[in-house]
Amino acid sequence: MIFLTVGLVLFLGPHLLTTQRAVRAGLHARFGASRYKGAYSIIALFGFALICYGFADYRADGYIGIWTPPKALAPVAMLLMLPALVLLVATNSGGLIQGKIKHPMLAGIKFWALAHLLTNGDLGSMLLFGSFLVWAIYARITIKQREADEGAPDWAAMRFGRKDAIAIVAGFSLYVVFGFVLHPILIGVSITG
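What counts and what doesn't
Residues numbered from 1 in each chain as written. Predicted model: local features only at pLDDT ≥ 70, side-chain atom pairs only at ≥ 80, totals over all residues. Heavy atoms only, no water. Helix = DSSP H or I, 4+ residues; strand = E, 2+ residues; numbered from the N terminus. Buried < 20%, exposed > 50% of the residue type's maximum accessible area, 1.4 Å probe, protein only. Contact = heavy atoms within 4.5 Å. Areas by Shrake-Rupley, 256 points an atom, 1.4 Å probe, with all protein chains shown as cover. Lys, Arg positive; Asp, Glu negative; His and termini not counted. Charge placed at Lys NZ, Arg CZ, Asp CG, Glu CD. Phe/Tyr/Trp six-rings, centres within 6.5 Å; stacked < 30°, edge-to-face > 60°. Patch = residues over 30% accessible without salt bridge, like charges linked within 9 Å, V, L, I, M, F, W, Y side chains within 5 Å. Salt bridge = Lys/Arg side-chain N within 4 Å of Asp/Glu carboxyl O. Core = buried A, V, L, I, M, F, W, Y, C linked by side-chain atoms within 4.5 Å. pLDDT = per-residue confidence, 0-100. Polar contact = N/O pair within 3.5 Å; in protein donor to acceptor, adjacent residues only side chain to side chain.

A. Just the overall build of the protein, in detail. For the protein, the count of helices and strands is eight helices and zero strands. C-alpha extents for the protein along the principal axes are approximately 45 × 40 × 25 Å. Scored against the burial criterion, the 193 residues of the protein give a buried share of 34%. Long-range contacts, defined here as pairs at least 24 residues apart, represent 73% of the contacts in the protein between residues at least 6 apart. When the accessible area of the protein is evaluated, it comes to approximately 11,200 Å², of which 71% is carbon and sulfur surface. Side-chain charges in the protein split into 16 positive and 8 negative, and the spacing between the mean points of these groups amounts to 6 Å.

Encoded structure:
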């Protein structure tokens, strides 16, 4: 599980650094925005690759069970995944979804992580999905504080439009294609049992 843990640190670490505005500004000043963004991207991508490899390696070695989720939670998880994918697609849409939710990507990650925590009672899953859930909650809190200090977009002015319709259709399509076709192929787990 070392690769998974290191991957999470390398992926979420730069994302946590973003919330530390003074530190981030200092790195921008010292290295320049382009170098900062380049290093950020390389570290995060390497971390993501390690997460994928590490979780696959952990699963190949055998799950470390912590608790057995009730089967009744599986439909709840499937239900949570639909808004998760719609919200991820609606990130920066500028439409009503973004206006009401404010930060759809973080909300989508919370739904995704919670859905997976409800149906996976093993240590690796708890580490993976729990880390993302904690990060998304923390990121939302820090963004809310930053918006209070620096000002926020005019969320109330955002109205339902074409981008919202696209997000709903694309999110639902991803839900069907990934959930019922690609999840068993790429992840090796059928969501239908």
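Let's pick the thread back up.
B. The packing of aromatic side chains, seen in detail. Under the criterion given, the structure shown has eleven aromatic pairs. With 6.0 Å between their ring centres and 45 degrees between their planes, Tyr-36 and Tyr-40 make a pair best called tilted. With Tyr-36 and Tyr-40 both in helix H3 (residues 33-61) and four residues apart, this pair spans about one turn of that helix. Judged by relative accessible area, which is 21%, Tyr-40 ranks as partly exposed. Between the aromatic rings of Tyr-175 and Phe-180, the centroid separation amounts to 6.1 Å while the plane-to-plane angle is 80 degrees, which identifies the pairing as edge-to-face. Residue class for Tyr-175 comes out buried when judged on its relative accessible area of 14%. According to the relative accessible area criterion, Phe-180 is partly exposed, its value standing at 40%. Three or more aromatic residues joined by ring pairs form one cluster here, namely Phe-11, Phe-48, Phe-55, Tyr-58, Tyr-63, Trp-112, Phe-129 and Phe-132.

C. The arrangement of a nonpolar patch on the surface in detail. A surface patch of nonpolar side chains, about 1,000 Å² in accessible area, is lined by Tyr-63, Phe-172, Val-176, Val-177, Phe-178, Phe-180, Val-181, Leu-182, Ile-185, Leu-186, Ile-187 and Val-189. Looking at where Tyr-63 falls in the secondary structure, it is placed in the loop between H3 and helix H4 (73-89).

D. Representation of the nonpolar core in the model. Leu-8, Ile-51, Leu-128, Phe-132 and Trp-135 are the most contacted members of the largest nonpolar core, which totals 20 residues. Contributing elements (two or more residues each) for this core: helix H1 (2-19), H3, helix H6 (104-119) and helix H7 (123-150). Setting aside chain neighbours within four positions, we find Phe-132 in contact with Leu-8, Phe-11, Leu-12, Ile-51, Ile-109 and Trp-112. If you look at the next biggest cluster of nonpolar residues, it comprises seven residues, including Ala-77, Leu-80, Ala-84 and Leu-85.

E. Summary view of unusual backbone geometry. Backbone geometry at Asn-92 places phi at a positive 60 degrees, although glycine is not the residue there. Even without a glycine there, the phi angle at Lys-102 is positive, about 80 degrees. Tracing the backbone shows Lys-102 in the loop between helix H5 (96-101) and H6.

F. Looking closely at the confidence of the model for the protein. Per-residue confidence for the protein gives a mean pLDDT of 93, with 99% of residues at or over 70. Across the protein, H6 holds the top mean pLDDT of 97, while helix H2 (residues 21-31) sits lowest at 90.

G. The side chain of Glu-147, seen in detail. Mapped onto the elements, Glu-147 comes out in helix H7. Buried within the structure, Glu-147 lacks any salt-bridge partner; its nearest side chain of opposite charge belongs to Arg-140, at an N-O separation of 4.3 Å. Only 2.8 Å separates the side chain of Glu-147 from the side chain of His-103, close enough to count as a polar contact. With near-sequence residues (within four places) excluded, Glu-147 lies in contact with His-103, Arg-140, Ala-152, Pro-153 and Trp-155.

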